[in-house]
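# Geometric and topological summary
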Amino acid sequence: MIKKKEYKFWFCTGSQDLYGDEVLEHVARHSKEIVEELNRSKMLPYEVVWKPVLITNELIRRTFNEANEDENCAGVITWMHTFSPAKSWILGLQEYRKPLLHLHTQYNEEIPYDTIDMDFMNENQAAHGDREYGHIVSRMRIERKVVVGYWKDEVVRKKIASWMRTAVGVIESSHIRVMRVADNMRNVAVTEGDKVEAQIKFGWEVDAYPVNDIIESVQAVSDADVRKLMDEYYEKYMMVYDGRDPDEFKKHVAEQARIEIGFERFLEEQNYQAIVTHFGDLGALKQLPGLAIQRLMEKGYGFGAEGDWKVAAMVRLMKIMTEGMEGAKGTSMMEDYTYNLVRGKEGILEAHMLEICPSISEGPISVRVKPLSMGNREDPARLVFTSKEGRGIAVSLVDLGNRFRLIINDVECKKNEKLMPNLPVATNFWTPYPDLYTGAEAWILAGGAHHTAFTYDLTAEQMGDWADLMGIEAVFINEHTTIPEFKRDLKLGEVFYR
Ligand code: MN
């Protein structure tokens, strides 16, 4: 479901003609070698494309504008092999609109003590040239990532790889379209927000549809198509009847299969990549979409419950950013539900009424049919599982009235201490960093929501960089967080992002 362009990143090396053609040839050869090695390393999720060495104002300006125009180009990586007078970069940088990485590296790893002379120094002076270039980017207040180190170093390559995913998130953000089926849950504040401002800031299109429009698509699904999908369900998942008659159980599951197919077709026809539903506004739907939504999320759709379009867009965004990642552990909408406050075992039980993405599951997935405690429909079928252990991030985008704030909390996911046989929903259990008490206090002070977009596969740094490029505030809750410093951070944000 995640259809993206074959994104590429341009590698632009800066120099000047003061040192003669021989030096420029070396600069070109060295930068080509770096690009080839980066691609050969297979450590980068996207290809790097070498561009001719930039030495004049005209060429720099033209190259940056070509990068703007090329829809497969998701960003530019710059590096000053020699000194490169930075006034030459002003017009190009002024007109450039995509993510920028400044790779502060050097062709040689070690100083060649025995042979070094002034010619060598002039040719290999990124320490000098990158400062000149960095100055103008800072003076122009342009957001960019700076990665420092030797280009063969694994750590450096990982940093470039990580930034590439952020850059693709920035470019793809403006292709996210959220379908709102019905409106936000009545009287709920934190799931609301300014949709016009979201489009200005993030490029998201957020549109409402009457629930009956999508229901027509559900009702149009043939019985044969439902049977086919049911075969897949029965093969893939463990059916847990909970004492229900298997035929009656099957009818409930079939309704979710019909919803999955109908919803997916409608989303595809209307070109939406994220969806919100609301248990209180289901029209002629017989069940709250549970299993159906869980499977759509697994296919790459964003989802937000109770009309939460911000979470739906964030889940979609984070699924795009992690796309194709080897060993990915999953991304889902989540909700902070209930605490364990036993000393030494503190944590939050994460779940939702139904809709948790099975990409985060570990172990077998079962299907259960149980009543909902809310709403007035048939008992919905849902996928039930527990989640993987390990570190992840929980992200909440809130609208503070005059601006958006992104709250990013590092969390440690753990195995549930005991089985919960009477809880028929998928769960995760995590302890926020630095600990439950500080983490939850900071989260509440920042105005974070109960719904989050959660992933094991991105870092707080990647999401913070995304926020910086979007021009919104990001606050971090992690192992270094203390409440006095966090409060000061929020106060500074009030001034900076007014
Ligand atoms: Mn909810």
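For clarity, every value in this text was computed on a predicted model and none was experimentally measured. (Residues numbered from 1 in each chain as written. Predicted model: local features only at pLDDT ≥ 70, side-chain atom pairs only at ≥ 80, totals over all residues. Heavy atoms only, no water.)

The next point concerns the coordination of the manganese ion. Every protein donor of the manganese ion is accounted for by E306 (OE), E335 (OE), H352 (NE2) and H451 (NE2), and the metal-donor separations fall at 2.1 to 2.2 Å. Sequence spacing of the donors to the manganese ion: E-x28-E-x16-H-x98-H. Of the two residues, E335 sits in strand 11 (residues 331-340) while H451 sits in strand 18 (residues 451-455), which places them 116 residues apart along the sequence. You can call E335 buried: its relative accessible area is 10%. Judged by relative accessible area, which is 1%, H451 ranks as buried. (Donors = N, O, S within 2.8 Å, 3.2 Å for Na, K, Ca; no water. Helix = DSSP H or I, 4+ residues; strand = E, 2+ residues; numbered from the N terminus. Buried < 20%, exposed > 50% of the residue type's maximum accessible area, 1.4 Å probe, protein only.)

Further remarks concern the side chain of S88. Note on placement: S88 falls in the loop between strand 3 (73-80) and helix 3 (90-95). Overall, the relative accessible area of 17% leaves S88 in the buried class. In this structure the side chain of S88 is engaged in a polar contact, spanning 3.0 Å, whose partner is the backbone oxygen of P85. Once residues lying within four places of it in the same chain are set aside, the contact partners of S88 are N57 and I60. (Polar contact = N/O pair within 3.5 Å; in protein donor to acceptor, adjacent residues only side chain to side chain. Contact = heavy atoms within 4.5 Å.)

Here we come to a negative patch on the surface. Together, D17, D21, E22, E25, D117 and D119 make up a negatively charged patch on the protein surface. In terms of residue count, helix 1 (residues 21-40) provides more of the negative patch than any other element does, three residues in total. Assessed through its relative accessible area of 59%, D21 is described here as exposed. (Patch = residues over 30% accessible without salt bridge, like charges linked within 9 Å, V, L, I, M, F, W, Y side chains within 5 Å. Areas by Shrake-Rupley, 256 points an atom, 1.4 Å probe, with all protein chains shown as cover. Salt bridge = Lys/Arg side-chain N within 4 Å of Asp/Glu carboxyl O. Lys, Arg positive; Asp, Glu negative; His and termini not counted. Charge placed at Lys NZ, Arg CZ, Asp CG, Glu CD.)

Let us now look at the domain arrangement of the chain. Split by domain assignment, the chain resolves into domain 1 (8-173) and domain 2 (177-496). For domain 1 and domain 2, the distance between their C-alpha centroids amounts to 39 Å. Counting from both sides, the interface comprises 11 residues of domain 1 and, opposite them, 17 residues of domain 2. Where domain 1 abuts domain 2, roughly 1300 Å² becomes buried across the two surfaces, and 55% of that area is made up of carbon and sulfur atoms. Contact with domain 2 buries surface across domain 1, with R165, T166 and S173 losing the most and accounting together for 46% of the total. Connecting domain 1 to domain 2 are two salt bridges. Ionic pairing is found between K145 and E461, a salt bridge with its closest N-O pair at 2.5 Å. Taken together, the connections running from domain 1 to domain 2 amount to eight residue pairs in polar contact (both at pLDDT 80 or more). The biggest single contributor to the side of domain 1 that touches domain 2 is helix 6 (residues 154-173), with eight residues. (Domains from an automatic or database assignment. Buried area = accessible area lost by both parts, 1.4 Å probe.)

Attention shifts here to the pairing of strand 1 (residues 8-14). It is a general feature of regular strands that their side chains alternate between the two faces of the sheet. The element strand 1 is extensively covered by neighbouring structure, given that six of its seven residues are classed as buried. Across seven bridges, the pairing between strand 1 and strand 3 is parallel. Note that in strand 3 the partner of K8 across the bridge is C73. As paired elements, strand 1 and strand 2 (residues 47-50) share four bridges and run parallel to each other. What sits directly across from W10, in strand 2, is V49. (Pairing = 2+ DSSP bridges.)

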